[in-house]
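One-letter residues, chain by chain:
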Amino acid sequence: MKHNFGAGPGILPHEVLKQAAAAVVDFNGIGLSLLEISHRSPEFEAVLDEAVKLVKELLAVPEGYSVLFLQGGASTQFAMVPYNLLPSTGKAAYVESGVWANKALKEAKFFGEVDVIATSKEANFTYIPKDYTIPSDAAYLHLTSNNTIYGTQLHKFPASPIPVVCDMSSDIFSREINVADFGIIYAGAQKNMGPAGTTLVIVKDELLGKADRKIPAMLNYQVQIEGGSMYNTPPVFAIYVSMLTLNWVKSKGGIEALAKENKAKSHVLYEEIDRNPLFKAVCAVEDRSDMNVCFVMENPELEKSFLKLCDEKGIVGIKGHRSVGGFRASIYNALSITSIYVLIEAMQEFAEKNK
Ligand SMILES: *Cc1c(COP(=O)(O)O)cnc(C)c1O
């Protein structure tokens with residue numbers, strides 16, 4: 001077994017993978033693969049219903065919100081959000097906390113005025129900007145809850161006079177959130193919720209129908225809601241595996257229990273990084289992510305040989321993003337604390353060898 005610290009597509013629970021593999025051959029004993037039955041069959045409709053139900057249950061989604069499983073990844077949401085919410089004469093406020101936020105705001109510029117109310121670009125996004133005023137005349141405020149590349153996480157969401165749209169691709173279901181504080185939440189599944197191929201969107205219904213433009217059907221939230229995420233053929237396998245993963249989250253005691261575990265996991269790892277003389281963390285302490293732990297070496301020349309040691313120990317996926325360098329340990333829900341201890345041991349062994 002490998003210790004999978006990859007940033008995405010990320011680790012999935014082993015039992016989920018086994019169930020998914022079985023369903024590809026014979027889905028629930030019906031003598032057909034999940035991949036060769038109609039998406040309108042009662043069997044698949046039950047899968048989609050269960051997935052939506054689990055999202056609502058795990059996140060305590062209040063009345064007045066719709067839960068969608070769409071395609072095109074979080075990157076399609078970068079455009080779909082302003083397409084549906086930003087009037088052509090209006091503006092939207094964006095906090096630029098990383099490259100994903102930057103991509104989101106660039107897409108919004110196709111549809112209306114974009115007010116970048118804060119950025120940490122000058123510091124290579126090593127912290128989350130907090131000092132800003134939210135313009136009350138903007139259509140929405142766009143935030144990124146966890147900056148996957150840099151390892152920063154928004155631990156306290158700002159009080160906002162306007163609807164908050166949040167990209168939660170890399171920390172959805174990792175900690176408790178209050179859905180009522182948001183207008184739209186979206187997340188590509190492949191970091192912490194399931195395989196690549198579907199995107200979870202939770203949208204407050206009353207925000208829709210206000211854009212002064214025609215919207216293509218596939219990019220229109222209202223059309224997708226009316227079609228129950230089945231305006232066209234949905235990504236059946238990605239939705240099925242997401243459903244299994246959400247069931248696994250529930251079996252683990254839900255988000256509250258996993259959030260505690262995630263805190264414990266990141267805590268021991270940051271503790272080792274701070275203690276070990278060879279390594280140092282790169283982000284502002286108060287913004288450290290519980291999902292992606294980024295760190296570098298005091299002596300970058302040793303990085304290659306540490307990666308080699310990791311490889312020998314079955315630790316995979318910890319090479320940092322090219323824009324940050326060093327290492328990034330992504331410690332999503334499915335990664336057990338045992339794997340963190342294996343990484344910590346490797347760090348200690350390496351420090352001992354390189355005294
Ligand atoms: C990975 C990631 C994205 C891009 O997701 P896609 O599904 O590949 O489009 C967007 N935002 C964040 C925060 C991410 O981590």
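A few points on the structure. On a predicted model such as this, the values are computed, not experimentally measured, just so you know.

**Description of the site of the ligand**
Alright, step 1. With respect to spatial proximity, 13 residues lie near the ligand, and among them S75, T148, D167, Q190 and K191 are the closest.
Alright, step 2. At a separation of 3.0 Å, an oxygen atom of the ligand approaches a polar backbone atom of A74.
Alright, step 3. The side chain of Q190 places a nitrogen or oxygen atom 3.0 Å from an oxygen atom of the ligand.
Alright, step 4. Here the ligand loses 88% of its free accessible area of 390 Å² to cover by the protein chains.
Alright, step 5. When residues in the shell around the ligand are grouped by element, the largest group, four residues, is from helix α3 (residues 73-85).
Alright, step 6. Of the residues contributing to the shell around the ligand, the split by class is three nonpolar, eight polar and two charged.

**Section: the sheet that holds strand β11 (residues 279-281)**
Alright, step 1. With antiparallel pairing, the three strands of this open sheet are ordered in space as β11-β12-β14. Edge positions in the open sheet fall to β11 and β14 (327-330), since each of these has one partner strand only. Adjacent strand axes in the sheet meet at a mean angle of 35° when their direction is disregarded.
Alright, step 2. Direction of pairing for strand β12 (residues 292-297) relative to β14: antiparallel, over a ladder of four bridges. The residue of β14 that forms the bridge with C294 is R328.
Alright, step 3. Packing of helix α7 (residues 254-275) onto the sheet brings it into contact with β11, β12 and β14, and relative to β12 it is tilted by some 15°.

**Description of unusual backbone geometry**
Alright, step 1. Cis geometry is adopted by the peptide bond preceding P9, which originates at G8 and carries an omega value of -10°.
Alright, step 2. Note on placement: P9 falls in the loop between β1 (3-4) and α1 (14-25).
Alright, step 3. One non-glycine residue, N28, lies in positive phi territory at about 50°.
Alright, step 4. Considering the arrangement of structural elements, one finds N28 in the loop between α1 and α2 (42-59).
Alright, step 5. The backbone of N124 shows a phi angle near 50°, a positive value even though the residue is not glycine.
Alright, step 6. Relative to the elements of secondary structure, N124 occurs in the loop between β4 (113-119) and β5 (141-144).

So, how was this worked out
- Residues numbered from 1 in each chain as written.
- Predicted model: local features only at pLDDT ≥ 70, side-chain atom pairs only at ≥ 80, totals over all residues.
- Heavy atoms only, no water.
- Near = heavy atom within 4 Å.
- Polar contact = N/O pair within 3.5 Å; in protein donor to acceptor, adjacent residues only side chain to side chain.
- Areas by Shrake-Rupley, 256 points an atom, 1.4 Å probe, with all protein chains shown as cover.
- Helix = DSSP H or I, 4+ residues; strand = E, 2+ residues; numbered from the N terminus.
- Nonpolar A, V, L, I, M, F, W, Y, C, P; charged D, E, K, R; others polar.
- Pairing = 2+ DSSP bridges.
- Axes fitted to C-alpha atoms, helices over the stretch in contact; angles between N-to-C directions.
- Contact = heavy atoms within 4.5 Å.

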